[in-house]
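Breakdown of the fold
Take a look at the letters that make up each chain.
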Amino acid sequence: MATLPWAFRPMLDAAVLFPGGGEAQRRYLTGVMAAAVGALTILGSLPVTALSPLGVTALFVCVETALCAHDIVANGMVSRSIRRTPSLSHDIASMVWIVRIS
């Protein structure tokens, strides 16, 4: 259940595309990161018995949404870099692969 945002990733991709521009992505990332920080703060500061299982799941969905959003934006940045410097496309793709598996 907590990984639900990854199932809806195509819709999140479309949401990032429509506003367009780096400024929209910055606001988008700031919003999801604020939600993730709030969720992690709540999860870390409350006793285990203070939250219901549904509440814990909702907080983890906030965190997973932030991770998913950052993955989407990072993929866009990699694509722009490859389009900007096609001669380095293999190097860029290799670097991204190395970073993701480590």
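Quick note: structure is the one above.
To start, this report covers the structure provided alongside it. None of these values were measured; they are calculated from a predicted model.

Let's talk about the overall build of the protein
Broken down by element type, the protein carries five helices and zero strands. Across the protein, helices and strands are ordered from the amino to the carboxyl terminus as α-α-α-α-α. Across the 102 residues of the protein, 21% fall into the buried class. Considering only contacts within the protein whose residues lie at least 6 apart along the sequence, 67% involve residues at least 24 apart. In the form shown here, the protein has an accessible surface area of approximately 7000 Å², with 72% of it arising from carbon and sulfur atoms.

What to know about a nonpolar patch on the surface
Residues Leu4, Phe8 and Met11 make up a contiguous nonpolar surface patch of roughly 280 Å² in combined accessible area. Here Met11 shows up in helix 2 (residues 9-17). The class for Met11 is exposed, based on a relative accessible area of 52%.

Thoughts on the nonpolar core
Among the nonpolar cores identified, the biggest contains six residues, and these are Leu29, Val32, Ala36, Ala66, Ala69 and Val73. Residue assignment for this core shows that the elements contributing at least two residues are helix 3 (21-45) and helix 4 (53-84). Once you skip the residues sitting within four places of it in the chain, Ala69 turns out to touch Tyr28, Leu29 and Val32.

Re the environment of Ala66
Within the element layout of this structure, Ala66 appears in helix 4. Here Ala66 falls in the buried class, since its relative accessible area comes to 3%. For the pair Ala66 and Ala35, spaced 31 residues apart in the sequence, the C-alpha separation amounts to 7.8 Å.

Describing helix 4
In a regular helix each residue adds 1.5 Å, so 32 residues correspond to 46 Å; helix 4 covers 47 Å between its end C-alpha atoms and thus fits that length. Taken together, the buried positions of helix 4 are Leu59, Val63, Glu64, Ala66, Cys68, Ala69, Asp71, Ile72 and Val73.

Rules behind the numbers
- Residues numbered from 1 in each chain as written.
- Predicted model: local features only at pLDDT ≥ 70, side-chain atom pairs only at ≥ 80, totals over all residues.
- Heavy atoms only, no water.
- Helix = DSSP H or I, 4+ residues; strand = E, 2+ residues; numbered from the N terminus.
- Buried < 20%, exposed > 50% of the residue type's maximum accessible area, 1.4 Å probe, protein only.
- Contact = heavy atoms within 4.5 Å.
- Areas by Shrake-Rupley, 256 points an atom, 1.4 Å probe, with all protein chains shown as cover.
- Patch = residues over 30% accessible without salt bridge, like charges linked within 9 Å, V, L, I, M, F, W, Y side chains within 5 Å.
- Salt bridge = Lys/Arg side-chain N within 4 Å of Asp/Glu carboxyl O.
- Core = buried A, V, L, I, M, F, W, Y, C linked by side-chain atoms within 4.5 Å.
- Expected span 1.5 Å × (residues − 1).

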